[in-house]
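Fold and geometry: a report
If you want the building blocks of each chain, they are given just below.
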Amino acid sequence: MNIIKTFIESGIIESYVLGIATDTERAEVEQMAQEHAEVRDAVDGFSRTFENVLLQNPVTPDPTIKPFLMAIIDYTERLQNGEEPAFPPVLNENSLIEDYTPWLNRPDMVLPVDFKDIHAKIIGFTPEVTTAIAWIKHMAPQEVHHDEYEKFLIVEGSCDITIEDKVHHLSAGSMLSIPLYASHHVTITSSIPCKIILQRVAA
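Let's shift gears to empty space enclosed by the protein. This structure, assessed with the given rule, holds one cavity of 30 Å³ or more. In terms of lining residues, the largest cavity is bounded by 16 residues, among which I136, A140, E150, F152 and L198 are the most central. Counting only elements with at least two residues in the lining of the largest cavity, the list comes to β2 (129-136), β3 (139-143), β4 (148-156), β8 (184-188) and β9 (194-202).

Here it is, written out as structure tokens:
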């Protein structure tokens, strides 16, 4: 078997196209593609095949991924710029909106002008508990948590949180904890975005 065929059949081209190749492997593929038309053709061929598979099997992304990823980036940058870590209280059935006043009153804890569906600002993080202020305009899709409890304290607006087949009607001051392994989703019932203290606590 010649060297080029062995290289093409090694799986390195697939890793390269999928973006999971190491820096060394990427450099090797690019060098081989520059020197050998067969390798260039193999890279182009797998790229087209992969693109066609994606086009034929589109997946609608979870709308919560981007806003919470951006919230993590924002929180990391705030800490790097000198913000002191904070430890908001863990939500429980006796929690009050006033318990979170120091964070709710901060001038940077507001909705951006280009707000669409979901926005979040992390206000506290430990390996056990993540606390955020979140705004939801229309809905949050169905999800299930296997290793963390999700808790909600409604600050403004109202929503229905459906857990399995039971609907919970929540308004300002309401607190709800989602059990493990329970399918749930959120539907906003107010004319304004629902503002929430959202907490995820490790099980």
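On to helix α5 (residues 65-80), then. Between its first and last C-alpha atoms α5 spans 23 Å; for 16 residues at 1.5 Å apiece the expected length is 22 Å, and the two agree. Of the surrounding secondary structure, the elements contacted by the buried residues of α5 are β1 (118-125). G82, located one to two residues past α5, shows a positive phi value of around 110 degrees.

Here we take up the pairing of β2. Where burial is concerned, most of β2 is hidden: seven out of the eight residues are buried. For β1 and β2, the ladder comprises seven bridges, and the chain directions are antiparallel. Across the sheet, the residue bridging to I118 is I136, located in β2. Taking the residues between adjacent antiparallel strands as the criterion, β1 and β2 are bridged by three residues. Sheet topology note: the β2/β9 ladder contains eight bridges and is antiparallel. Bridged to A134 within β9 is I196.

Definitions and cut-offs
- Numbers given for residues are sequential positions, taken from 1 along each chain in its written order.
- Note on the predicted model: pLDDT of at least 70 is required for a residue's local features to be given, and 80 or more for side-chain atom pairs to be given and counted; whole-chain, interface and lining totals, by contrast, use all residues.
- Where side-chain values are given, they derive from all heavy atoms of the structure, hydrogens and water being excluded.
- Cavities and pockets were defined on a 1 Å grid built over protein atoms only: a cavity is a set of grid points that admits a 1.4 Å probe from which the probe cannot escape, a pocket is an open set flanked by protein on both sides within 12 Å along at least five of seven lines, and lining residues are those with an atom within 4 Å of any such point.
- Grid points are joined across faces, edges and corners, and a volume is the space filled by probe spheres set on the points.
- Strands here mean DSSP runs of E at least two residues long; helices mean DSSP runs of H or I at least four residues long; both are numbered from the N terminus.
- The length a helix should cover is 1.5 Å for every residue beyond the first.
- Contacts are residue-level and defined by heavy atoms, with any inter-residue pair within 4.5 Å sufficient.
- Note on exposure labels: buried denotes an accessible area under 20% of the residue type's maximum, exposed denotes more than 50%, and partly exposed covers the range between, all computed with a 1.4 Å probe on protein chains only.
- Any two strands with at least two DSSP bridges between them are considered paired.

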